[in-house]
Amino acid sequence: MKSYVSFSFADTDEALLTSTVTFCTPLPDVRPYIPDLDGMTDAAVAELSA
């Protein structure tokens, strides 16, 4: 089980801060939820796993 917590600015004139939490189960034959986590530049993302 992995969870991703992201923070970014909304694409609006006010640029409000927005966040999401996503839970997923990594599977061997399925592309990762965020394929290039280190390459993210438009949001701060934390990947948590258990």
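Structure shown above.
Thresholds, definitions, all that
- Residues numbered from 1 in each chain as written.
- Predicted model: local features only at pLDDT ≥ 70, side-chain atom pairs only at ≥ 80, totals over all residues.
- Heavy atoms only, no water.
- Helix = DSSP H or I, 4+ residues; strand = E, 2+ residues; numbered from the N terminus.
- Rg over C-alpha atoms; globule rule 2.2 N^0.38 Å.
- Buried < 20%, exposed > 50% of the residue type's maximum accessible area, 1.4 Å probe, protein only.
- Contact = heavy atoms within 4.5 Å.
- Areas by Shrake-Rupley, 256 points an atom, 1.4 Å probe, with all protein chains shown as cover.
- Pairing = 2+ DSSP bridges.
- Axes fitted to C-alpha atoms, helices over the stretch in contact; angles between N-to-C directions.

Let us now look at the overall build of the protein chain. On a plain count of helices and strands, the protein chain comes out with zero helices and three strands. Taken from N to C terminus, the helices and strands of the protein chain fall in the order β-β-β. On C-alpha atoms alone, the protein chain measures out to a radius of gyration of 13 Å, which is more than a quarter above the 10 Å that the 2.2 N^0.38 rule sets for 50 residues. In the protein chain, which comprises 50 residues, the share counted as buried stands at 14%. The long-range fraction of contacts in the protein chain, counting pairs at least 24 apart against all pairs at least 6 apart in sequence, stands at 45%. When the accessible surface of the protein chain is summed, it comes to about 4200 Å², and 56% of that surface belongs to carbon and sulfur atoms.

The next thing to look at is the sheet that holds strand 1 (residues 2–9). The three strands are arranged 2-1-3 in an open sheet whose pairing can be described as antiparallel. Two strands lie at the open edges of the sheet, namely strand 2 (17–24) and strand 3 (44–49), each paired on one side alone. Within this sheet the neighbouring strands show an average axis-to-axis angle of 15°, counted without direction.

On to the pairing of strand 1. One ladder, built from eight bridges, connects strand 1 with strand 2; its direction is antiparallel. In the sheet register, Phe9 faces strand 2, and the bridge partner there is Leu17. With six bridges connecting them, strand 1 and strand 3 associate as antiparallel partners. From the neighbouring strand, Tyr4 faces strand 3, where its bridge partner is Glu47.

Everything listed is a geometric property; what it means functionally is a separate question.
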